[in-house]
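# Close look at the chain arrangement
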Amino acid sequence: ERAREAFAEDIEVALEVKSRYTEGYGELGLGRVLVDQGLPEDALEHLRTARQRFEELNTPVEVSAASAFIGIVHLGLGDRESALRSTSEAVKTLEAAGDVSGEYPPQQIWWLRYQVLKSADPHQAPKKRGKGKTAKGDGRDSSPALGDQAWEALHRAHDITLQGIA
């Protein structure tokens, strides 16, 4: 409850001093707290406001983080289609920004994408990593299945984590 009050106060102060950036982070933080408190519908409102503020400020890493968290909330509400769409937007935005790190590290965004993809197709085993080949190697694969996309997202999270350590 204290976190909820603190973020609400941050938003209020940000509005008073007209700091859209601080307002965006307050909305993002409040949205995450509301998810933890079991209020996903309320969380969505704040996360969407955060994404809007970050879009207005042209801060792609923050837009990506807000989109990823929106996707996780949709997943929790049982709306897999919206979850897939939001996390897809998140990683596309992040990739366009060069997988740079912000307040939320890029591997966290890839991890959230992985969670959504894996839940959408939990039993699909990954194919061998390779250039346009199916597991049988017959070359019929034109686009990766959700299971493959999940593994690719997991690999991206892993690779970015290791790059950060090195």
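Residues numbered from 1 in each chain as written. Predicted model: local features only at pLDDT ≥ 70, side-chain atom pairs only at ≥ 80, totals over all residues. Heavy atoms only, no water.

### Re the nonpolar core
Ranked by size, the top nonpolar core spans 29 residues in total, and within it Leu28, Leu47, Phe54, Phe69, Tyr104, Ile109 and Trp110 carry the most contacts. Listed by contribution, the elements that provide at least two residues to this core are α2 (20-36), α3 (40-56), α4 (60-76), α5 (80-96), α6 (106-120) and α7 (146-165). The biggest single contributor to this core is α4, with 7 residues. In contact with Leu28, not counting residues within four places along its chain, are Leu47, Ala50, Phe54, Ala66, Phe69 and Tyr104. (Core = buried A, V, L, I, M, F, W, Y, C linked by side-chain atoms within 4.5 Å. Buried < 20%, exposed > 50% of the residue type's maximum accessible area, 1.4 Å probe, protein only. Helix = DSSP H or I, 4+ residues; strand = E, 2+ residues; numbered from the N terminus. Contact = heavy atoms within 4.5 Å.)

### Regarding the confidence of the model for the protein chain
Within the protein chain, residue pLDDT values average 85, and 84% of them lie at 70 or more. Put simply, α7 is where the protein chain has its lowest mean pLDDT, 80, and α3 is where it has its highest, 97. pLDDT under 50 marks residues 128-143. Its contacts with residues more than four places away, or in other chains, come to 14 contacts. (pLDDT = per-residue confidence, 0-100.)

### A few points about the pattern of salt bridges
Following the criterion strictly, the structure yields 6 salt bridges and no others. Among the salt bridges present, the one from Glu23 reaches Arg20, with a minimum N-O distance of 3.2 Å. With Glu23 and Arg20 both in helix α2, this residue pair falls 3 residues apart, about one helical turn. Here Glu23 falls in the buried class, since its relative accessible area comes to 3%. Note on Arg20: relative accessible area 33%, which makes it partly exposed. Glu95 serves as the salt-bridge partner of Arg156, at 2.8 Å between the closest nitrogen and oxygen. Pair noted here: Arg156 is in helix α7 and Glu95 is in helix α5, with a separation of 61 residues, a long-range link. Judged by relative accessible area, which is 25%, Arg156 ranks as partly exposed. Ionic contacts of the salt-bridge type, sharing partners, join the residues Arg20, Glu23, Arg53 and Glu56 into one network. (Salt bridge = Lys/Arg side-chain N within 4 Å of Asp/Glu carboxyl O.)

### Describing the packing of α2 against α4
Interaxial distance between α2 and α4 falls to 11 Å at its minimum, and their mutual angle equals 20 degrees. One finds that α2 runs roughly parallel with respect to α4. Like other packed secondary-structure pairs, α2 and α4 cross with a definite hand, here left-handed. Along the contact surface, α2 presents Tyr21, Tyr25, Leu28, Arg32 and Val35, while α4 presents Glu62, Ala66, Phe69 and Val73. (Axes fitted to C-alpha atoms, helices over the stretch in contact; angles between N-to-C directions. Parallel < 35°, antiparallel > 145°, perpendicular 65-115°, else oblique. Left-handed = near helix turned anticlockwise from the far one by under 90°.)

### Concerning unusual backbone geometry
The backbone of Lys18 sits at a positive phi, close to 60 degrees, despite the residue not being glycine. The residue Lys18 is located in the loop between α1 (2-17) and α2 in this model. Positive phi is not limited to glycine here, since Asn58 has a value of about 55 degrees. Examined against the element boundaries, Asn58 turns out to sit in the loop between α3 and α4.

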